[in-house]
Each structure stands twice: as structure tokens, then as C-alpha cells.
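Observations on chain architecture
Residues per chain are reported as follows:
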Amino acid sequence: MKRNIIIASLAVICTASIGYFFLKGQNSHEFILRGNFPQLPDSIKVELINAENEDIKLICDTFPQNGQFVLQGHVDGPTMCSLRFCVPNKNFASGFWPVASQSVMVENCKMTFHCDLSLDSLSNCRKRELEAEVTGGKAQKQLMEALRATIDFKIKADNAGYQESMKFFETCDDPDTTRKYLTLTRAANDEYLQARMAFIREHPSYYISAFWTEKELNTQYVYDADQLRSMAQTVSTCPDTARMARIGRKLDLALRYAVLQPYKDFEITASDRSIVKFSTLVPAGKYMLVDFWASWCGPCRSAIPQVEKLYRQYENKLNICSISLDKKEEEWREAMQEEKMPWPQFRAEKEQLDSICQAYLITSIPRLILLNGKGEIVCSTYRPGDITNYLKEHVEP
């Protein structure tokens, strides 16, 4: 009898322990996002997308029933996500097209979504993150605080970018008009950036602060080394250890492509087929503009007249060379004859190309790289207007 009682007691203890650890594991290692969207049709697909990177990665999806939905899954740590509402559309491989989305910082906890708007109203709302409420978790609470502080600046920047795009097509890329609206866009984007940076300085331990900092560290030739180190140091108290480890790795990479880094030497092939070191072309005490282009690249060739204008305007203070990435030598030579560029011309052959692209992180063309009189990189861009603006501010014609 005594033996049976002991066995029964052990069974109760084991069952209770298993239940405790199961519930604890469920709470600690997965999220549950419950949605209440009364006007959402049952045909709409609800998706939760990992928005940490440019690659779209689906975490989970579902369909609502009578305006209610549940998304459940796991994230490795506080993760920036996009909550998307998708309508059926046979023109896309997935069969659906997102018409509304909003940012959500997901943690492995219980979360809720609530929206009283219609789907059309939500998709047209510029402040949808504030109109549709998402709660649950410290990271999401911090995100909402950050959005309230910066969303007006974001809307202004989005509007400026839209106007710039419209004027680009309306004027067929008229240089003066494009430059005017590009300047307005840059100013609006800078205001938005400064608003985010101010929030980060005020809340250095917030998850969203570390997320924004990590994004800024992905840029190349925007910040100098001291600025990059300062940005990483500012958020060093963030408790997201995984993100902080990534920030450390990205800082190491960003420092290689920081503004004011000295140029890296490489070999290229001249028009007479001789091999030339780039260092022999860099003048002491003068600016040097390097234009990476190709005969088949329309934007590259559209940029040439603007580069030539700089060549004439800063003739005594600026050296220019063009480096073609054409695979076929004959196509390069034909394009040279057509463009008649009056500055030195070179081509990066196959065995030379990899080292150049790695040294300057060239992933697309046109790419214009400007060196100052000390041989330091001060601008790397695909827009000739950026070079024009820099020279206008720093060099007398």
C-alpha cells in the first residue's frame, strides 16, 4: 500500500514538473500574436516577415476568421518584422500581394494586434503603426516610443523621395531639376536620420536603438572611422547580446569602407594594353575622380556628360580617369570612340576585377569615387550630382 502511494505521488510530481517546464518553454521560446481586425475579410492572408535583412523571409502566416487571427512561431531574439496583409492576386507566384504592412518588434512572448480601420483605410494611412495597435514585449513598447518620436520626419522624407522620382520621369532626368529635388530629398532624409540618432542617444539601451545602429553600419563611405566607433559604443549597453555581436562584426567591416580611408592600390589595363598601377595615376595635392563604367550600362553613359562638365570646370584641380568593366575589349574601344572622353581610359580585365570590387565594394555601376589631395576617399556614389555638390562645397573652380 505504502509502495503504491509513493509511486502515485511520484507520478503527480513528474506530471506537474513536465507541465511546468512545458508551459515555461512555451512562454520563453515562442511568440503568439493574436489579432483583432473586425473589418478584415477572411480571404486576406496575414503574414509575419522577418524584416531584419533585405531578403524576404516568411516566419509564419495564416488566414483570419471573423476578423480574428493567430500567428505563432519562434524568433532567436527581439526581431524587426513586417506584419503584412495580402490580397489574392494570380499575377504573383505566391498568389497574394501585400496591400498594407507595418513594423513590429517581435519577441518570444504574448502579443496582440488591434485595428478598427478597414483594410483600405489602413493601407492608405501614413501613420499606420500608430493607428493599428500592437502590444506585448519590451522591444515592441520601445519601438512604439521610437516611432512616435520620428514618424513625422519619416513621412517628410518619403514625400520628398516621391517628388524626386516624379520629377525624374517628368523631366527625363533633367540635371538641374534632378539636382534640385535630390537636394530636397537629401535634406529630408538627413532630418529623419538626425531624429533617429537623437532618439538613440536618449535611449542607448533600447532594442530599436541597436537595430537602427546596425542598419547604419551597413552603409559604406558615409561615416568616418571615429563616427562609426562612436555609434557602436553608444548602444553598447543594449541587452540584445546577439545583435551586439553582429554590430561588432559589422563595425570591423564598416571601418574598411569608411570616409577618409586611404585609397587601395590595384592594377588596370591601359588603352595601349600595358598594365598600370592605379597609384601612378593619383596626383599629389589634387583631387582624383575615378569613374567605373561599361559600354552596356545606360546610366553610366548618361553620366559621362556630367563628368566631362566637372573635367572642364575643375581642370587644374581635378584629375579624372575612367575604368571600364567591359568583358569584351572591342566593345570598350567602340564606346570610347563614341564618347570621346578627353581624360585617361582604362579597363579592368577579368583577373583584375575581383580585387578592385573587393577593395571598393563595387556591386553596381556607375560608381564614382572621389579622392582628396591626400589620397583619401571622400565620396563614393552612383550619382554625378553628389560629386558636383562635394566639389562645390570644398573646391574653388
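Starting from 1, residues in each chain are numbered consecutively following that chain's sequence as written. Note on the predicted model: pLDDT of at least 70 is required for a residue's local features to be given, and 80 or more for side-chain atom pairs to be given and counted; whole-chain, interface and lining totals, by contrast, use all residues. In computing side-chain values, all of the structure's heavy atoms are included and hydrogens and water are not.

Remarks on the overall build of the protein
Quick note on the threshold: By definition, any uninterrupted DSSP run of H or I lasting at least four residues is a helix, any uninterrupted run of E lasting at least two residues is a strand, and each is numbered from the N terminus. Note that the radius of gyration is over C-alpha atoms, with the globule rule given as 2.2 Å times the number of residues to the power 0.38. Buried means the residue's accessible area, taken with a 1.4 Å probe over protein chains only, is under 20% of the maximum for its type, while exposed means over 50%, and partly exposed covers the values in between. We call two residues contacting when some pair of their heavy atoms lies within 4.5 Å. In this description, accessible areas are obtained by the Shrake-Rupley approach with a 1.4 Å probe, and a residue is regarded as covered only by the protein chains that are shown. When charges are counted, Lys and Arg are positive and Asp and Glu negative, with His and the chain ends excluded. In this description, the location of a charge corresponds to atom NZ of lysine, CZ of arginine, CG of aspartate or CD of glutamate.
When you go through the protein residue by residue, the secondary structure sums to twelve helices and 15 strands. For 397 residues, the compact-globule estimate of 2.2 N^0.38 gives 21 Å, and the protein exceeds it by more than 25% at 27 Å. Based on the C-alpha atoms only, the size of the protein along its principal axes is roughly 100 × 50 × 45 Å. Sorting the 397 residues of the protein into buried and exposed places 45% on the buried side. Within the protein, residue pairs in contact and separated by at least 24 positions form 66% of the contacts whose partners lie at least 6 positions apart. Total accessible area computed for the protein in this model is approximately 21,600 Å², and 53% of it derives from carbon and sulfur atoms. For the protein, the distance from the average position of its 48 positive side-chain charges to the average position of its 51 negative side-chain charges is 5 Å.

Details of helix 8 (residues 241–256)
Because each turn of an α-helix spans 3.6 residues, side chains separated by three or four positions end up pointing in the same direction. For clarity, the cut-off: One fewer than the residue count of a helix, multiplied by 1.5 Å, yields its expected span. Starting at the helix axis, one direction is taken to each C-beta atom, and the arc is that of these directions.
For helix 8, with 16 residues, the first-to-last C-alpha span of 24 Å sits near the 22 Å given by 1.5 Å per residue. Among all positions of helix 8, only Arg243, Met244, Ile247, Leu251, Ala254 and Leu255 are buried. Seen end-on, helix 8 carries its buried residues on one side only, within an arc spanning 105°. Turned more than 90 degrees from where helix 8 packs its buried face, Arg249 and Asp252 sit exposed. Elements that come into contact with the buried residues of helix 8 comprise strand 5 (79–88), strand 6 (96–106), helix 6 (207–216) and helix 7 (225–234).

Points about the state of the cysteines
How we decide: Whenever a pair of cysteine sulfur atoms sits within 2.5 Å, that pair is classed as a disulfide.
In the structure shown here, the tally under the stated rule is one disulfide. Each sulfur of the disulfide joining Cys297 and Cys300 lies 2.4 Å from the other. Classification of the bridge connecting Cys297 and Cys300 rests on its S-S torsion, roughly 75°, and on that basis the disulfide is right-handed. On the basis of relative accessible area, Cys297 is assigned to the buried category, the value being 5%. Left unpaired, Cys321 is separated from the closest cysteine sulfur, that of Cys300, by 14 Å. In this structure Cys321 comes out as buried when scored by relative accessible area, which is 1%. You can see Cys379 has no disulfide; the closest cysteine sulfur is in Cys321, sitting 15 Å from it. When its relative accessible area of 12% is taken as the criterion, Cys379 is described as buried.

Things to note about empty space enclosed by the protein
In this approach the atoms are scanned with a rolling probe the size of a water molecule, which exposes any empty space left behind. Keep this limit in mind: The way it works is a 1 Å grid over only the protein atoms, where trapped points that fit a 1.4 Å probe form a cavity and open points with protein on both sides within 12 Å along at least five of seven lines form a pocket, and then any residue with an atom within 4 Å of a point lines it. Grid points are joined across faces, edges and corners, and a volume is the space filled by probe spheres set on the points.
Under the criterion given, the structure shown has one cavity of 30 Å³ or more. Along its surface, the largest cavity is lined by Phe266, Phe278, Val290, Phe292, Tyr360, Ile369 and Leu371.

Comments concerning the sheet that holds strand 15 (residues 377–381)
Stated precisely, the cut-off is as follows: Paired strands, as defined in this entry, are two strands with at least two bridges between them according to DSSP. Angles here are taken between N-to-C directions and fall from 0 to 180 degrees, while the axes themselves are lines fitted to C-alpha atoms, restricted in helices to the stretch in contact.
Within the open sheet, the seven strands sit side by side as 10-9-13-12-11-14-15. Their pairing is mixed. Pairing within the sheet leaves two strands with one partner each, and these edge strands are strand 10 (275–277) and strand 15. In this sheet, adjacent strand axes meet at a mean angle of 30° when their direction is disregarded. Inspection of the sheet shows strand 11 (residues 287–293) paired to strand 14 (residues 367–371) by five bridges, in the antiparallel sense. In the strand pairing of strand 14, Met288 is matched with Leu371. Here helix 10 (residues 329–339) sits on the sheet in contact with strand 9 (267–270), strand 11, strand 12 (318–324) and strand 13 (345–347), set at roughly 160° to strand 13.

Points about a nonpolar patch on the surface
Selection rule: Residues qualify for a patch when their relative accessible area is over 30% and they have no salt bridge, like charges being joined within 9 Å and the nonpolar side chains of Val, Leu, Ile, Met, Phe, Trp and Tyr within 5 Å. Salt bridges are defined by distance alone: a side-chain nitrogen of Lys or Arg within 4 Å of a carboxyl oxygen of Asp or Glu.
On the surface, Phe92, Trp97 and Val99 cluster together into a nonpolar patch covering about 260 Å² of accessible area. Tracing the sequence through the fold places Phe92 in the loop between strand 5 and strand 6.

Geometric values such as these leave the question of function open.
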